[in-house]
Amino acid sequence: MRKKIIAGNWKMNMTPTEARDLLELLKPSLDTKDVDILFCVPAIDLLIAKELLAGTGIEVGAQNMYFEEKGAYTGEISAEMLVDAGVSYVILGHSERRGYFKEDDEMINKKVCKAFESGIIPILCCGESMEQREEGITLEFIRDQIVKDLAGVTKDQVARMIIAYEPIWAIGTGKNATSDQAEEVCAAIRKEIARLYDDDTAQSVRIQYGGSVKSNNAPELFTKANIDGALVGGASLRSEFIQIVNSAKENS
Ligand code: PGA
């Protein structure tokens, strides 16, 4: 049985002061019995989050990193820096990185490989646009992303990672995928992992849904066989996150 994992993706929100206030507000109501909890915070908040969440079992993740070891890459953060800060997860391939910052599958693959090499677990995001869904090429497009982004990744690594299915049209729009739509794609991702690796690997990898997850739609999403949690943007910035975590517990 896969343990569900609920990850908050704060995106470019929360100053260090606000981060402290929010985590202090949420912390007393969160516990990691029957569910894994993770906050993916802006780089400047990582150390504060680590300090405040020490001893709670709640993990801290980054929202991006660069694949090079070190050197003249102004503005970038390396895997080694994240490891030294005690960061255990990193979101890679988010559609906002792919769209606004032109990250392609080749670059995302390099980042995924670097994360594993450094002992950081990637949360690899994939997902289609509305045009692709309307064209009927959703599954084909996502399978292609998975194949490219996981090139050279071993089955032991895939078994430990997180894949987040995030339809672009559902992110920050308030228009979530229905639980059936989300389940269809998450099941297809698992099938693709089985084809690329084997059944055991496919049964181990945790697949989240992300895109306008809220306290009112989370319970139904979490009843689905192939949805192992959620990547939560907007609703992770408020106490609603606690209700989302609790609905994952109820379906554990
Ligand atoms: P949202 O963001 O929950 O605000 O739609 C999800 C995400 O982009 O990870």
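Provided above is the structure to which this section pertains.
A brief structural summary. (Residues numbered from 1 in each chain as written. Predicted model: local features only at pLDDT ≥ 70, side-chain atom pairs only at ≥ 80, totals over all residues. Heavy atoms only, no water.)

## Here's the deal with the overall build of the chain
Step number 1: Helix and strand counts for the chain stand at 12 helices and eight strands.
Step number 2: Relative to the compact-globule value of 18 Å for 252 residues, the chain shows a C-alpha radius of gyration of 17 Å, a close match.
Step number 3: By its C-alpha atoms, the chain is 45 × 45 × 35 Å across when sized along the principal axes.
Step number 4: In the chain, the share of contacts with a sequence separation of at least 24, taken over all contacts with a separation of at least 6, comes to 73%.
Step number 5: Accessible area for the chain stands at about 11300 Å²; split by element, carbon and sulfur atoms hold 50% of it.
Step number 6: Distance between charge centres in the chain, computed from 29 positive and 40 negative side chains, equals 2 Å. (Helix = DSSP H or I, 4+ residues; strand = E, 2+ residues; numbered from the N terminus. Rg over C-alpha atoms; globule rule 2.2 N^0.38 Å. Contact = heavy atoms within 4.5 Å. Areas by Shrake-Rupley, 256 points an atom, 1.4 Å probe, with all protein chains shown as cover. Lys, Arg positive; Asp, Glu negative; His and termini not counted. Charge placed at Lys NZ, Arg CZ, Asp CG, Glu CD.)

## Some words on the state of the cysteines
Step number 1: Summed over all chains, the structure comprises zero disulfides.
Step number 2: Cys-126 provides the cysteine sulfur closest to Cys-113, a residue in no disulfide bond, and the two sulfurs are 16 Å apart.
Step number 3: Note on Cys-113: relative accessible area 27%, which makes it partly exposed. (Disulfide = S-S within 2.5 Å. Buried < 20%, exposed > 50% of the residue type's maximum accessible area, 1.4 Å probe, protein only.)

## Description of the packing of aromatic side chains
Step number 1: Evaluated as defined, the whole model comprises six aromatic pairs.
Step number 2: Considering the side-chain rings of Tyr-66 and Phe-67, the 4.5 Å spacing of their centres and the 35° angle between planes classify their relative orientation as tilted.
Step number 3: These aromatic residues form a ring-pair network of at least three members: Trp-10, Phe-39 and Phe-241.
Step number 4: In this structure, Arg-97 packs its charged tip against the face of Phe-101, placed 4.0 Å from the ring centre. (Phe/Tyr/Trp six-rings, centres within 6.5 Å; stacked < 30°, edge-to-face > 60°. Lys NZ or Arg CZ within 6 Å of the ring centre and 35° of its normal.)

## Remarks on the site of the ligand
Step number 1: Residues in contact with the ligand amount to 13 residues; listed here are only the nearest, Lys-11, His-94, Glu-166, Gly-172 and Ser-212.
Step number 2: In this structure, Asn-9 approaches the ligand through a side-chain N or O atom, which is 3.3 Å from an oxygen atom.
Step number 3: In the model, an oxygen atom of the ligand is placed 2.7 Å from a nitrogen or oxygen of the Ser-212 main chain.
Step number 4: Protein contacts shield 97% of the accessible area of the ligand, which totals 280 Å² for the unbound molecule.
Step number 5: Considering only residue class, the shell around the ligand consists of four nonpolar, seven polar and two charged. (Near = heavy atom within 4 Å. Polar contact = N/O pair within 3.5 Å; in protein donor to acceptor, adjacent residues only side chain to side chain. Nonpolar A, V, L, I, M, F, W, Y, C, P; charged D, E, K, R; others polar.)

## Looking at the sheet that holds strand 5 (residues 121–126)
Step number 1: An order of 1-2-3-4-5-6-7-8 is seen for the eight strands of this closed barrel, with the pairing classed as parallel. Direction aside, neighbouring strands of the sheet carry axes that sit 25° apart on average.
Step number 2: Sheet analysis places strand 5 next to strand 6 (residues 162–165), joined by four bridges and oriented parallel. Bridge pairing links Leu-124 to Ile-163 in strand 6.
Step number 3: Across the sheet, helix 5 (residues 105–118) is in contact with strand 4 (89–92) and strand 5; its angle to strand 5 comes to roughly 160°.
Step number 4: Contacts from helix 12 (residues 240–250) reach strand 1 (5–9), strand 2 (36–40) and strand 8 (229–232), with the element oriented near 160° to strand 1. (Pairing = 2+ DSSP bridges. Axes fitted to C-alpha atoms, helices over the stretch in contact; angles between N-to-C directions.)

## A word on unusual backbone geometry
Among all residues save glycine, negative phi is the norm, and among peptide bonds the norm is trans.
Step number 1: Located in the positive-phi region is Lys-102, a residue other than glycine, with phi close to 55°.
Step number 2: Inspection of the secondary structure puts Lys-102 in the loop between helix 4 (95–100) and helix 5.
Step number 3: Although it is not a glycine, Ser-212 sits at a positive phi angle of roughly 55°.
Step number 4: Here Ser-212 lies in the loop between strand 7 (206–210) and helix 11 (218–221).

Purely geometric numbers; function is a separate question.
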